[in-house]
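# Overview (structure and organization)
Chain residues, written in single-letter form:
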Amino acid sequence: MFTANQDYLKLPGSYLFSTVAKKTGAFTQAHPEARIIRMGIGDVTKPLPPAVIEALHKAVDEMASAETFRGYAPDLGYAFLREAMAKHDFQDRGCQIEADEIFISDGAKSDSANIQEIFAGESRIAVCDPVYPVYVDSNVMAGRTGTYDPAAGTWSDVIYMPCTMENGFAPDLPSETPDLIYLCFPNNPTGAVITKAALQEWVDYANKVGAVILFDAAYEAYIKDPQVPHSIYECEGARTCAIELRSFSKNAGFTGLRLGATVIPKDLKDKKGQALHPLWARRHGTKYNGAPYIVQRAGEACYSPEGRAQIQAMVGDYMKNASFIRQSLADMGYQAFGGQDSPYIWLRTPGDMTSWEFFDFLLEKAWVVGTPGSGFGPSGEHYFRLTAFGSYESSVEAMERIRRI
Ligand SMILES: *Cc1c(COP(=O)(O)O)cnc(C)c1O
């Protein structure tokens, strides 16, 4: 008999950002005069760097000629891109990662959702709370999370690691032993970072208990603090316990182009001694046909001297907004966090407002859209996320409106 996947049906409500969009849509319909400033969804707004556009045009022209036309890309990505990444993202930072340990993909969202497929069904996951929703939801869809407690907003088989003001939004080691640990630094949504020494403790812990860390480095380009690692492979022993997810979206503005990568060292094995690299290669071979040639050429251009300078300038502009937003909120008396090595500002809601109450308050009084912290997990309640991906002018205008409330 045909029935829908029961695990999918366990997912509570709609995806966080669909709810934000629905509420914003309803408000603008009722108030057509409202000039909304969107500081909610984490999407970039600046055009792609000229070096990337040039590479795209060149690759398109190659596709028009019989001599240089390309069909299916290699499953694991073109060597030119994997080699550029191996050199610039890893080897130049002293990380021992080879090109054939990098799997090119269409982005870190799908990789972070799919990576759980190569682990046993009974694997226990640990996540930061608040968390990027994809990590948990993809495990719900795979039937790994037990039952949902709607009052608590938690799953019975998930280990939650609270990240709050008290621990500086960096989780403590879990009290129960997980098989898979999702970490993301600089963090979405809190904007928090972790020092190399603190990440080393996680690597040592994972090696000790035989857990695998899934390290999401999507915001690595925003790091300014030299104590903060750009890759988990800067830590000793990470090759035997860590998978890293990389993205060109927030780093280089590829949210619409789509490009990312997953790194699986050949030394990495599960508890039973099974190497994980061949499993992910097998999955890619079966379920994925590779990122487009022209997009991989665009990715390669990010590593040219011009590309790097242009990307650095773009990230610098977003970071100028981030510092401004954080400082303005602090000046107004808000408790504001993040925004220093991250495009996200995480603030404590004023008074006793819940995250959703503050969402409505900000939308109605300032026409500013942000993201309720509770949508990222129970420990996100009474917090709120603003992003620095708008223009400087709109960031200034938004802070002015909030000041006037
Ligand atoms: C935006 C984001 C991603 C998604 O990256 P894509 O490469 O665009 O799929 C991954 N992880 C986190 C934490 C993000 O915020």
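Above: the structure in question.
Each value, and the rule that gives it
The residue count restarts for each chain, going from 1 along the sequence in the order it is written. Restriction of local features to residues with pLDDT of at least 70 applies here, the model being predicted, together with a cutoff of 80 or more for giving and counting side-chain atom pairs; totals for whole chains, interfaces and linings are based on all residues. Computation of side-chain values covers all heavy atoms of the structure but excludes hydrogens and water. Lining residues are defined by having an atom within 4 Å of a point belonging to a cavity or pocket. Those points lie on a 1 Å grid over the protein atoms alone, cavities being sets where a 1.4 Å probe fits but cannot get out and pockets being open sets with protein on both sides within 12 Å along at least five of seven lines. Grid points are joined across faces, edges and corners, and a volume is the space filled by probe spheres set on the points. Helix and strand definitions here come from DSSP, where helices need a minimum of 4 consecutive H or I residues and strands a minimum of 2 consecutive E residues; each element is numbered from the N-terminal end. The residue classification treats Ala, Val, Leu, Ile, Met, Phe, Trp, Tyr, Cys and Pro as nonpolar and Asp, Glu, Lys and Arg as charged. All others, Gly included, are polar. Only heavy atoms are used to decide nearness, and a residue is near a molecule or strand if one of them lies within 4 Å of it. We call two N or O atoms a polar contact when they sit within 3.5 Å, provided that within protein one can donate a hydrogen and the other can accept it, with sequence-adjacent residues counted only if both atoms are side-chain atoms. Values of accessible area rely on a 1.4 Å probe in the Shrake-Rupley scheme; residue burial ignores everything except the protein chains shown. Here, a strand pair is defined by DSSP locating no fewer than two bridges between the strands. Throughout, an axis means a line fitted to C-alpha atoms (over the contacting stretch in the case of helices), and angles, computed between N-to-C directions, take values from 0 to 180 degrees. The contact criterion used throughout is that any non-hydrogen atoms of two residues lie within 4.5 Å. Note on terminology: a nonpolar core comprises buried Ala, Val, Leu, Ile, Met, Phe, Trp, Tyr and Cys residues joined through side-chain atoms within 4.5 Å. When a residue's accessible area, from a 1.4 Å probe over protein chains only, is under 20% of the maximum for its type it is buried; when over 50% it is exposed; and in between it is partly exposed. Throughout, the edges of the domains are those of an automatic or database domain assignment. Here a salt bridge means any side-chain nitrogen of Lys or Arg lying within 4 Å of a carboxyl oxygen belonging to Asp or Glu.

### Here's the deal with empty space enclosed by the protein
Tallying each qualifying case throughout the model produces two cavities of 30 Å³ or more. If you add up the space inside the largest cavity, you get close to 40 Å³. Ranked by residue count, the leading element in the lining of the largest cavity is strand S7 (residues 180–184), at three residues. Residue composition of the lining of the largest cavity, grouped by class: eight nonpolar, two polar and no charged. Taken as a whole, the second largest cavity spans an internal volume of roughly 40 Å³. As for the second largest cavity, its lining consists of Ile 37, Arg 38, Met 39, Thr 387, Gly 390, Ser 394 and Ser 395. For the lining of the second largest cavity, the elements supplying multiple residues, two or more each, are strand S1 (37–38) and helix H13 (392–404). Residue classes in the lining of the second largest cavity are distributed as two nonpolar, four polar and one charged.

### Details of the site of the ligand
Inspection of the region around the ligand gives 14 residues, with Asp 216, Tyr 219, Ser 247, Ser 249 and Lys 250 positioned closest. Taking Tyr 219, its side chain carries an N or O atom lying 2.5 Å from an oxygen atom of the ligand. For the ligand, an oxygen atom lies 2.7 Å from a polar atom in the side chain of Arg 258. Relative to its unbound accessible surface of 380 Å², the ligand loses 94% to contact with the protein. Of all the elements in the fold, those that place two or more residues in the shell around the ligand are helix H5 (108–114) and helix H8 (249–252).

### A word on the sheet that holds S7
If you trace the seven strands from one edge of the open sheet to the other, you get S2-S10-S9-S8-S7-S3-S6, paired in mixed fashion. If you trace the sheet from one side to the other, it starts and ends with strand S2 (102–105) and strand S6 (158–162), each paired once. If you compare each strand with its neighbour and ignore which way they point, the axes differ by 20° on average. When strand S9 (residues 242–247) meets strand S10 (residues 260–263), the two strands line up antiparallel, connected through four bridges. When the bridges of S10 are listed, Glu 244 appears paired with Val 263. Against the sheet, helix H4 (residues 79–90) engages S2, S9 and S10, with an angle of about 115° to S2.

### Quick look at the nonpolar core
The biggest cluster of nonpolar side chains holds 99 residues, and the ones touching the most others in it are Leu 183, Ile 213 and Leu 386. Here this core gets eight residues from one element, more than from any other, and that element is helix H11 (residues 305–331). Two domains each donate at least three residues to this core, and these are domain 1 (12–47 + 306–404) and domain 2 (53–305). Counting residues in each nonpolar core, the second largest holds 25 residues, with Val 127, Tyr 132, Trp 155 and Cys 184 among its members.

### Structural notes on unusual backbone geometry
Note: most peptide bonds trans; most residues except glycine with negative phi. Put simply, Asp 129 and Pro 130 share a cis peptide bond, and its omega is 10°. Note on placement: Pro 130 falls in the loop between strand S3 (125–129) and helix H6 (133–141). Residues Asn 188 and Pro 189 are joined by a peptide bond in cis, for which omega reads 15°. Its place among the elements puts Pro 189 in the loop between S7 and helix H7 (196–209). Despite not being glycine, Phe 169 has its phi angle at roughly 60°, a positive value. Mapped onto the elements of the fold, Phe 169 is located in the loop between S6 and S7. Classification of Phe 169 as buried rests on a relative accessible area of 4%.

### Things to note about the pattern of salt bridges
Tallied over the full model, the rule gives 19 salt bridges. Between Asp 92 and Lys 87 there is a salt bridge whose closest N-O contact spans 3.1 Å. Asp 92 sits in the partly exposed class, given a relative accessible area of 47%. For Arg 246, the salt bridge goes to Glu 244, with nearest N and O atoms at 2.7 Å. With respect to class, Arg 246 is no different from Glu 244; both count as buried. Each of Asp 89, Arg 93, Glu 220, Glu 244 and Arg 246 takes part in a single network of salt bridges with overlapping partners.

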